[in-house]
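Inside the fold
One letter stands for each residue in the lines below.
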Amino acid sequence: RSSDLHLVPQAPNHIPPFFSKNGSSLGELFVGFLKYFATEFDWNKHMISVREAKLLPRPDRVEWRNKFICVEEPFDGTNTARAVHEKHKFEMIQEAFLKAWHRMRDKKDLNGILPLRATINGQIR
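Heads up: these notes are all about the structure in this document.

What counts, and where the lines are drawn
- Residue indices follow the written sequence of each chain, beginning from 1 at its first position.
- Since the coordinates come from a predicted model, pLDDT governs what is reported: local features require at least 70, and pairs of side-chain atoms require 80 or more to be given and counted, while whole-chain, interface and lining totals use all residues.
- Think of the side-chain values as coming from all heavy atoms in the structure, minus any hydrogens and water.
- Going along the chain from the N terminus, every DSSP run of H or I of four or more residues is numbered as a helix, and every run of E of two or more is numbered as a strand.
- Throughout this description, buried means an accessible area under 20% of the type-specific maximum (1.4 Å probe, protein chains only), exposed means over 50%, and partly exposed covers the range between.
- Throughout, the Shrake-Rupley method with a 1.4 Å probe supplies accessible areas, and for residues the shown protein chains are the sole cover considered.
- Residues belong to one nonpolar core when they are buried, are Ala, Val, Leu, Ile, Met, Phe, Trp, Tyr or Cys, and are joined through side-chain atoms within 4.5 Å.
- We call two residues in contact when some of their heavy atoms are within 4.5 Å.
- Should DSSP find at least two bridges between two strands, the strands are regarded as paired.
- Throughout this description, a polar contact denotes any pair of N or O atoms lying within 3.5 Å of each other; where both atoms belong to protein, one of them has to be capable of donating a hydrogen while the other can accept it, and for residues adjacent in sequence the pair is counted only when both atoms sit in side chains.
- The term salt bridge refers to a side-chain nitrogen of Lys or Arg lying within 4 Å of a carboxyl oxygen of Asp or Glu.

For the chain, the helix and strand inventory stands at three helices and three strands. In sequence order, the secondary structure elements of the chain are arranged as α-β-β-β-α-α. Counting the 125 residues in the chain, one finds 22% classified as buried. When the accessible area of the chain is evaluated, it comes to approximately 9900 Å², of which 57% is carbon and sulfur surface.

The following block contains the structure:
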């Protein structure tokens, strides 16, 4: 909320309004995100660049090799997802994307992948 900017040190006094040509709802964007990373993204050829807000070809440097997920850290350019170096763990992540996409596509209920009500009520232990 822009009214909370006074809580942030050195926050700008005014943030210009943001306008987008995208007419998709937040839910539609989320389902698209899940679908993209579950079925379309080529993990072997690309890395995610937060700094440039786009995909980049995967570098062929040592720190990027033998890693299944590559996300460029925006400040120092390292692979922030470097801990995913076991194929089994990577496959578990891929399966989670796929299951989440199917559940959201079919049921359109966030509680199908994130038990929010149970979490809010303190039922998850």
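So, about the nonpolar core. Counting 14 residues, the largest nonpolar core has Leu34, Phe37, Trp43, Ile69, Phe90 and Phe97 as the members making the most contacts within it. Mapped by element, the contributors of at least two residues to this core are helix H1 (26–40) and helix H2 (87–107). The residues contacting phenylalanine 90, other than those within four sequence positions of it, are Trp43, Phe68, Ile69 and Val84.

The strand order E2-E1-E3 describes an open sheet built from three strands, whose pairing is mixed. Strand pairing shows two members of the sheet lacking a second neighbour, strand E2 (54–57) and strand E3 (71–72), which therefore form its edges. Note: strand E1 (residues 46–49) against E2, four bridges, orientation antiparallel. Bridge pairing in E2 links methionine 47 to leucine 56.

A few words on the side chain of serine 49. Within the secondary structure layout, serine 49 lies in strand E1. Within polar-contact distance, the side chain of serine 49 engages the backbone nitrogen of glutamate 52 at 3.0 Å. Residues within four places of serine 49 in sequence aside, it is in contact with Lys54, Leu56 and Glu72.

Summed over all chains, the structure comprises eight salt bridges. Put simply, glutamate 52 and arginine 51 hold a salt bridge, and the shortest N to O gap is 3.2 Å. When its relative accessible area of 34% is taken as the criterion, glutamate 52 is described as partly exposed. Under the relative-accessibility criterion, arginine 51 is labelled partly exposed at 48%. A salt bridge links arginine 61 to glutamate 63; the shortest N-O distance between them is 3.0 Å. Judged by relative accessible area, glutamate 63 falls into the partly exposed class, the value being 38%.

Keep in mind that these numbers describe shape and distance, not what the molecule does.
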